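Structural features, examined
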Amino acid sequence: MVIDLNKCIGCQTCTLACKTQWTDRRGREFMYWNHVETKPGQGYPRDWENAGGGWDGDRLKPGRLPRLAEDYGIPADFNYETALFQEGSGPLRPTAPMQWGPNWEEDQGAGEYPNGYFFYLPRLCNHCSKPACLAACPRQAIYKREADGIVLIDQARCRGYRYCVAACPYKKIYFNPTAGRSEKCLFCYPRVEKGTPQACAYQCVGRARHVSYLDDEEGAVHRLVQGWQVALPLHPEHGTQPNVYYVPPLSPATFDAAGRPTGTPRIPEGYLVQLFGEPVKAALAVLAREIAKRERGEASALMDLLIAYRHGDMFRLTPPRG
Amino acid sequence: MTVPRALLLLLALALPAAAQEKTIPVARATEDAASPDAAAWARVPAVRVPLQPAFPGHPYISGTPVTAEIDVQALRAGRNLHLRLAWRDATADAEMRDTARFADAVAVQFPVNGRADTTPFMGDARRPVHIWHWRADGRTQQLLARGFGTAAPLPAGALRAQARRTQAGWAVVLTRPLRARTGNLEGRRTMPIAFAAWDGANGERDGFKAVTLEWWRLRF
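Residues numbered from 1 in each chain as written. Chains lettered and ligands numbered in written order. Predicted model: local features only at pLDDT ≥ 70, side-chain atom pairs only at ≥ 80, totals over all residues. Heavy atoms only, no water.

A look at the overall build of chain B
The helix and strand tally for chain B stands at 2 helices and 14 strands. The globule rule puts the C-alpha radius of gyration for 220 residues at 17 Å, and the 16 Å found for chain B is close to it. Principal-axis analysis of the C-alpha atoms places the extent of chain B at approximately 50 × 40 × 30 Å. For chain B, with 220 residues in total, the buried portion stands at 52%. Sequence-distant contacts in chain B: of pairs separated by 6 or more residues, those separated by 24 or more amount to 64%. If you average the places of the 29 positive and of the 19 negative side-chain charges in chain B, the two averages end up 8 Å apart. (Helix = DSSP H or I, 4+ residues; strand = E, 2+ residues; numbered from the N terminus. Rg over C-alpha atoms; globule rule 2.2 N^0.38 Å. Buried < 20%, exposed > 50% of the residue type's maximum accessible area, 1.4 Å probe, protein only. Contact = heavy atoms within 4.5 Å. Lys, Arg positive; Asp, Glu negative; His and termini not counted. Charge placed at Lys NZ, Arg CZ, Asp CG, Glu CD.)

In structure tokens form, the structure reads like this:
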């Protein structure tokens, strides 16, 4: 999957498409297999980028388990009965204070006026080629499907030990305290097996998500990742080889003291290097070059691909032959 | 994953001689003793069983378990075997409601073939082990294991547990009919037995546990 961060508007339609499909009950209320967080920020679960996991060469790195209330956030009940039906009862509010939640830092961002900045980062399981979760499970309860690479937890084998949660550097495995087992994004395999794209991708109103096999040369993922090299994995330094890629965000120039644009992008390049590694510099340069072409009225195959004129062209779910 | 098999082999070779000493006599009673407070327990001597860190069986399992010993009492009443297990545990972790917390637990293990030549480290493919597992959130399970990472629940059986917080920790009585399809104890004079305890507050679960590194023996 490729997610174009220049097209993500943070509407959370993907989040809700996923939640209503998979995680709206039975101990999953706090879980968001797909969510969109605002960067820079601590994200969801809180501070996941400093919670360990991943690989150090061929050794798994230790990781920390996120806490339910403090790091995920317990979904609040609201005072609907009083606020909506009793005169003078005050505004609609959570009945108990929340400590955290998905996109708790909505629109917070960083930087000072007039050079503040933020962008949205949708996150889901990366269905890694070298999944740390799989390697960390002492029970071989996690497997990666040969045919399509989807990483799944066998619920019959899982006993809720949570080594996978600690080992995942993206903290995209969730322990279900009601079921006593760990759960994660299924990459909508029951939909995919019927030829229907993942709910998060199919429902994306910004047409930000492309899905195809990396080795399908006609697919958008291959063209963006290996052809144009403008789509990059998040935090590649963890060594898990993610299969979700991001087109990094461009940003308008900062203003100097006199209010003139400086030419320096508001989102510091160094921050994007932290997230996507050194290759983000070249990716941003290619994007800028191709955008400039279109501004001059010239053709750009890359821009046509990212614009995604036809929704159906964004998804190629049949594996390539051979 | 590389298991230091040489270490396992050394430990296994050391077992038979040591096992002779480690005996837990099974007392007899007529009344029910399924409660840790049952009067019958006052007449049954407790055997103090020291525990050591388990060989974890997987490289991602690390940490030092805290439980140092379990006091074990065994009682046969009618068709049932009662095992009373008491150990120190400063905090009661009896819930699984948080994503970062673990419940206290205790378990006993028997070789399915009834022989002490079965490895006490979760058995192996040819010689499985049978486990009675109690967890402080109320779950009680019988499991069958054929090596590290293979423990699987048996169909709901007749294992029951009653637990109580004591001043020092937990007292749990595991009760099961002697006669059973898996792990039958009826008619036996002795039976190898091993013990394990998990302190939830220390993050202990799975192979992160304190155990007996060799078989003890129940003497009926």
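Quick look at the packing of aromatic side chains
Residue and element names in this part refer to chain A. Here the structure, examined in full by the defined rule, presents 19 aromatic pairs over all chains. Ring plane angle 65 degrees and centroid distance 6.4 Å describe the contact between Phe30 and Tyr174, whose orientation is recorded as edge-to-face. Residue Phe30 is located in the loop between helix 1 (13–22) and strand 2 (35–39), and its partner Tyr174 is located in strand 8 (residues 173–176); the two are separated by 144 residues in the primary sequence. Tyr174 matches Phe30 in its accessibility class, with the two residues each being buried. Arranged with centres 5.8 Å apart and planes meeting at 85 degrees, the rings of Tyr32 and Tyr44 form a pair that is edge-to-face. Pair noted here: Tyr32 is in the loop between helix 1 and strand 2 and Tyr44 is in the loop between strand 2 and strand 3 (55–56), with a separation of 12 residues, a long-range link. Clustering of aromatic rings is evident, with ring pairs tying together Phe30, Tyr32, Tyr44, Tyr72 and Tyr174. Its end group placed over the ring of Trp55, Lys130 keeps NZ or CZ at 4.5 Å from the ring centre. Taking NZ or CZ as reference, Arg162 lies 3.6 Å from the ring centre of Phe175, over its face. (Phe/Tyr/Trp six-rings, centres within 6.5 Å; stacked < 30°, edge-to-face > 60°. Lys NZ or Arg CZ within 6 Å of the ring centre and 35° of its normal.)

Considering the environment of Val108(B)
All names here are of chain B. In this structure, Val108 sits in strand 6 (residues 105–111). Using a relative accessible area of 0% as the deciding quantity, one classes Val108 as buried. When the C-alpha atoms of Val108 and Trp132 are compared, they prove to be 5.3 Å apart, with 24 residues separating the residues in sequence. Once residues lying within four places of it in the same chain are set aside, the contact partners of Val108 are Leu83, Leu85, His130, Ile131, Trp132, Leu174, Ile193, Ala194 and Phe195.

Considerations on a nonpolar patch on the surface
Where nonpolar side chains cluster on the molecular surface, the patch consists of Phe78(A), Tyr80(A), Leu84(A), Phe85(A) and Leu92(A) and spans about 520 Å² of accessible area. Note on placement: Leu92(A) falls in the loop between helix 3 (80–85) and strand 5 (119–123). (Patch = residues over 30% accessible without salt bridge, like charges linked within 9 Å, V, L, I, M, F, W, Y side chains within 5 Å. Areas by Shrake-Rupley, 256 points an atom, 1.4 Å probe, with all protein chains shown as cover. Salt bridge = Lys/Arg side-chain N within 4 Å of Asp/Glu carboxyl O.)

Brief notes about the pairing of strand 1 (residues 23–29) of chain B
Where strand 1 of chain B lies against strand 14 (residues 216–219) of chain B, 3 bridges are found, and the strand directions are parallel. Among the inter-strand pairings, Thr23(B) is bridged to a residue of strand 14 of chain B, identified as Arg217(B). (Pairing = 2+ DSSP bridges.)

Describing the pattern of salt bridges
Residues and elements named next belong to chain A. Taken as a whole, this structure holds 31 salt bridges over all chains when the rule is applied. Across the pair Asp24 and Arg25 runs a salt bridge whose closest N-O atoms are separated by 3.1 Å. Residue Arg25 is classed as partly exposed on the basis of its relative accessible area, which comes to 43%. Linking Lys130 and Asp58 is a salt bridge whose minimum nitrogen-to-oxygen distance equals 3.2 Å. Placement of the pair is Lys130 in the loop between strand 5 and helix 4 (132–136) and Asp58 in the loop between strand 3 and strand 4 (59–60), with a sequence separation of 72 residues. The exposure class of Lys130 is partly exposed, given its relative accessible area of 25%. You can call Asp58 exposed: its relative accessible area is 68%.

Section: the interface of chain B and chain A
Tallying the contact residues gives 21 residues for chain B and 27 residues for chain A. Here chain B meets chain A over a buried area of about 1900 Å², counting both sides, of which 51% is carbon and sulfur. Across the contact surface, chain B and chain A share 0 salt bridges. Our count for the chain B to chain A interface comes out at 14 residue pairs in polar contact (both at pLDDT 80 or more). Tallied by class, residues from the side of chain B that touches chain A come to 10 nonpolar, 5 polar and 6 charged. (Buried area = accessible area lost by both parts, 1.4 Å probe. Polar contact = N/O pair within 3.5 Å; in protein donor to acceptor, adjacent residues only side chain to side chain. Nonpolar A, V, L, I, M, F, W, Y, C, P; charged D, E, K, R; others polar.)

Structural notes on helix 10 (residues 279–295) of chain A
An α-helix turns once per 3.6 residues; consequently, residues spaced three or four apart project the same way. Residues and elements named next belong to chain A. The end-to-end C-alpha separation of helix 10 is 25 Å, in line with the 24 Å expected for 17 residues at 1.5 Å each. Buried within helix 10 are the following residues: Val280, Ala283, Leu284, Val286, Leu287 and Glu290. Projected down its long axis, helix 10 shows its buried positions confined to an angular sector of 160 degrees, all on one face. Where the residues of helix 10 are buried, they touch strand 11 (232–233), strand 12 (245–247), helix 9 (269–276) and helix 11 (301–307). Downstream of helix 10 by one or two residues, Gly297 has phi in the positive range, about 85 degrees. (Expected span 1.5 Å × (residues − 1). Arc of directions from axis to C-beta.)

Some words on the pairing of strand 4 (residues 69–77) of chain B
All names here are of chain B. Counting buried positions over the 9 residues of strand 4 gives 7, a clear majority of the element. In this structure, strand 1 lies alongside strand 4, joined through 4 bridges in parallel fashion. Residue Val26 lies in a different strand from strand 4, and its bridge partner there is Ala74. Judged from the 4 bridges that link them, strand 2 (residues 47–50) and strand 4 form a sheet pairing that is antiparallel. In the strand pairing of strand 4, Pro50 is matched with Glu69. When strand 4 meets strand 5 (residues 80–88), the two strands line up antiparallel, connected through 7 bridges. Paired with Asp71 across the strands is Ala86, a residue of strand 5. Two successive antiparallel strands, strand 4 and strand 5, enclose a turn made up of 2 residues, where Gly78 displays a positive phi of approximately 60 degrees.

Let's talk about the environment of Val247(A)
All names here are of chain A. Mapping Val247 onto the fold places it in strand 12. Spatially, the C-alpha atoms of Val247 and Leu232 are 6.5 Å apart, while their sequence positions differ by 15 residues. When residues no more than four places from it in sequence are discounted, the contact partners of Val247 are Val2, Ile3, Asp4, Leu5, Asn6, Val230, Ala231, Leu287 and Leu306.

A closer look at the side chain of Thr175(B)
Residue and element names in this part refer to chain B. Secondary-structure assignment places Thr175 in strand 11 (residues 169–177). With a relative accessible area of 1%, Thr175 lands in the buried category. Once residues lying within four places of it in the same chain are set aside, the contact partners of Thr175 are Ala34, Asn80, Leu81, His82, Ala158, Leu159 and Arg160.

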